[in-house]
Amino acid sequence: MTQAPGASRLVAFCVFFVFAGFALTQAARADDAAVKRGEYLFAAAGCAGCHTDVDGKGPPLAGGRKLKTPFGTFYSANITRDPEHGIGDWTDADFIRALREGIAPDGSHYFPAFPYPTFTKIRDADLKDIRAYIFSLPPVAKRNQSHDIDPPFGWRPLIAGWKLLFFAPGPFAANPDRDETWNRGAYLVEALGHCGECHTPRNALGALKCDEAFSGTLDGPEGGRIPNITPDADTGIGRWSDGDIKSLFTMGMLPDGDFVGSGMAEVVENTTSKLTDADRDAIIVYLRSLPPLSKRIESAK
Ligand code: HEC
Ligand code: HEC
C-alpha cells in the first residue's frame, strides 16, 4: 500500500531537478534578453566612443580616450568587467549610482566630463540592461590614466558644490500631454543620446545653458564648431526634410552631399545608424518640436 520511502525520495529528487533545470533555463533566457536590450541601449547612449581610445587603437571600453576641455584633459575610465582595473566587482546599485548621481562606489564624485548630468535621466531598468551588456563583454586589464586638470578644478570635493548649482538628478519623466512617439524621441535625445552634451552651449563652469538648448556652439568638444539643431529655418535645421535628417542619421550625409566629420561622424557610427527606423523617426519628431532658436554658428567649413 505504501511506497518504499526510497522511491518517493527519488521521485521528489527528480521533480526537484526538473524544476531547478527549468528555473535555470528561464533565468538564462532572462539574462540573454537583458544583454540584447542592453546592447541596443548601449549603442543609443554612445558609451563606446568615449570609453575606447580610438586614436591609440585601444581595446573596446578599456578607457584612456583623451577628452580636452577648457579645464584640462580628462581620460575616460576602463569600464570592462575587469575586477581590478575596470568595474567587474560593481553591483547594479553601484552602476545606477554612478550614472544617476555621478558618485563612485567609494563615495567620491565624478567629473561631469562623464555626462552623468544627462545620463541621470536614463531609467533604472535600462541602466541594469546596459550593465548586463557590458558584463557580457570580455574584461581588459588596463590601468586607468589619471586626469590632467588645471587647479583647482581637479579637486574632486569641489564637484559637490558644482552639483548643488547645476545638477538635477532623476530619471526622465514622460510628458502626459505628448504622444508616445514624442516621448520616445525626447528620451532618446535628452537621456540616452546626450545630444545636448555637444549641441548645447556651456557656461564658464562647464554647465549646459538650458535656455539655449541645442542652439550650437563654437566651443564644442575638442574646440569644434557644433551646429544649431533647433528647427529655426535660417540658422537651424528647420528647412531640412525628414529624408535629409534620415540620411544624416543612417550614413552621415549632409543635404549638400558632404559628410559630417569629427564628433558627429562617431555619433552616426556608434549611435544613430544603429537605431531602428521607428527610433530615428521619434528623434526627428522631438527635434522638430523644440523651440526654434535663431543663432548662427559661423561655419568653419
Ligand atoms: C563624453 C564622454 C563619455 C561618454 C559618452 C560616456 N562616458 Fe563614462 N566616463 C567618462 C569619463 C571622462 C569618466 C571618468 C570620470 C571621472 O574620473 O570622474 C567616465 C567614467 C565612467 C564610469 C566610472 C568608472 C570607474 O571606474 O569609476 C562608468 C561606470 C562609466 N563612465 C560608464 C559609462 C556608460 C555606461 C556610458 C554610456 C551610457 C558612458 N560612460 C558614456 C566619459 C564618458
Ligand atoms: C560628440 C559630440 C556630438 C554629439 C553627442 C552629437 N552631435 Fe550632432 N553634431 C556634432 C558635430 C561636431 C556636428 C557638425 C559635424 C560636421 O558638420 O562635420 C554635428 C552635426 C549634427 C547635425 C547636422 C546639423 C547641420 O546643420 O549640419 C544634426 C542634425 C545633429 N548633429 C544631430 C544630433 C543628434 C540628434 C544627436 C543625438 C543623438 C547628436 N547630434 C549628438 C557633434 C555631436
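Residues numbered from 1 in each chain as written. Chains lettered and ligands numbered in written order. Predicted model: local features only at pLDDT ≥ 70, side-chain atom pairs only at ≥ 80, totals over all residues. Heavy atoms only, no water.

> Even after reading the chapter, I still don't get the domain arrangement of the chain, so can you show me in this structure?
A common measure of how large an interface is: the accessible area buried when the components associate. Here the domain parsing of the chain yields domain 1 (34–166) and domain 2 (180–288). Using only C-alpha atoms to locate each centre, domain 1 and domain 2 end up separated by 22 Å. Every contact between the two is made by 23 residues of domain 1 and, on the other side, 23 residues of domain 2. Here domain 1 meets domain 2 over a buried area of about 1900 Å², counting both sides, of which 57% is carbon and sulfur. Applying the counting criterion to the domain 1 and domain 2 interface returns one salt bridge. Measuring nitrogen to oxygen at the nearest pair gives 2.6 Å for the salt bridge that ties Arg65 to Glu266. At the boundary of domain 1 and domain 2, one finds nine residue pairs in polar contact (both at pLDDT 80 or more). Of all the secondary structure elements, the ones that give two or more residues to the side of domain 1 that touches domain 2 are α1 (5–44), β1 (66–69), α4 (116–119) and α6 (158–166). Per-element accounting of the side of domain 1 that touches domain 2 gives the leading share, four residues, to α1. A breakdown of the residues in the side of domain 1 that touches domain 2 according to their chemical character gives 14 nonpolar, three polar and six charged. (Domains from an automatic or database assignment. Contact = heavy atoms within 4.5 Å. Buried area = accessible area lost by both parts, 1.4 Å probe. Salt bridge = Lys/Arg side-chain N within 4 Å of Asp/Glu carboxyl O. Polar contact = N/O pair within 3.5 Å; in protein donor to acceptor, adjacent residues only side chain to side chain. Helix = DSSP H or I, 4+ residues; strand = E, 2+ residues; numbered from the N terminus. Nonpolar A, V, L, I, M, F, W, Y, C, P; charged D, E, K, R; others polar.)

> What's the story with the coordination of the iron atom of ligand 2 in this structure? I'm lost.
Each donor-metal-donor angle would ideally measure 109.5 degrees in four-coordinate tetrahedral geometry, or 90 or 180 degrees in six-coordinate octahedral geometry. Bound to the iron atom of ligand 2 are the protein donor atoms His199 (NE2) and Met264 (SD), situated 2.0 to 2.3 Å from the metal. Geometry at the iron atom of ligand 2 is octahedral, judged from its six donor atoms and the angles of 89 to 179° they form at the metal. Residue His199 is located in helix α8 (residues 196–199), and its partner Met264 is located in helix α10 (residues 262–270); the two are separated by 65 residues in the primary sequence. Judged by relative accessible area, His199 falls into the buried class, the value being 10%. Among the residues examined, Met264 registers a relative accessible area of 23% and is labelled partly exposed. (Donors = N, O, S within 2.8 Å, 3.2 Å for Na, K, Ca; no water. Tetrahedral: all angles 85-135°; square planar, octahedral: opposite > 155°, others 65-115°. Buried < 20%, exposed > 50% of the residue type's maximum accessible area, 1.4 Å probe, protein only.)

> I tried to follow the site of ligand 1 on my own but got confused; where do I start?
Not every one of the 21 residues close to ligand 1 is listed here, only the nearest: Cys47, Cys50, His51, Tyr110 and His147. At a separation of 2.8 Å, a nitrogen atom of ligand 1 approaches a polar side-chain atom of His51. Within the side chain of Tyr110, one N or O atom sits 2.5 Å away from an oxygen atom of ligand 1. Mapped onto the shell around ligand 1, the elements with two or more residues apiece are α2 (47–51) and α3 (92–101). Looking at the shell around ligand 1, the element that brings in the most residues is α2, giving three residues. (Near = heavy atom within 4 Å.)

> Would you explain the sheet that holds strand β2 (residues 72–75) in this entry?
The strands making up a sheet associate through backbone hydrogen bonding, with each pair oriented either parallel or antiparallel. The antiparallel open sheet is built from three strands, whose spatial order is β1-β2-β3. The open sheet is flanked by β1 and β3 (148–149), the only strands paired with a single partner. Here β1 pairs with β2 via four bridges, running antiparallel. From the neighbouring strand, Lys68 faces β2, where its bridge partner is Thr73. (Pairing = 2+ DSSP bridges.)

> When you look at the packing of helix α7 (residues 180–192) against helix α11 (residues 277–288) in this model, what are you seeing that I'm missing?
Two measures define how a pair of helices packs: the angle their axes make with one another and the distance between the axes. Look at α7 against α11: their axes get within 7 Å of each other, and the N-to-C directions meet at 90°. By the angle between their directions, the pair α7 and α11 is classed as roughly perpendicular. Contacts between α7 and α11 involve Thr181, Trp182, Arg184, Gly185, Ala186, Leu188, Val189 and Glu190 on the former and, on the latter, Asp279, Ala282, Ile283, Val285, Tyr286 and Leu287. Of the residues that constitute the contact of α7 with α11, the class distribution is nine nonpolar, two polar and three charged. (Axes fitted to C-alpha atoms, helices over the stretch in contact; angles between N-to-C directions. Parallel < 35°, antiparallel > 145°, perpendicular 65-115°, else oblique.)

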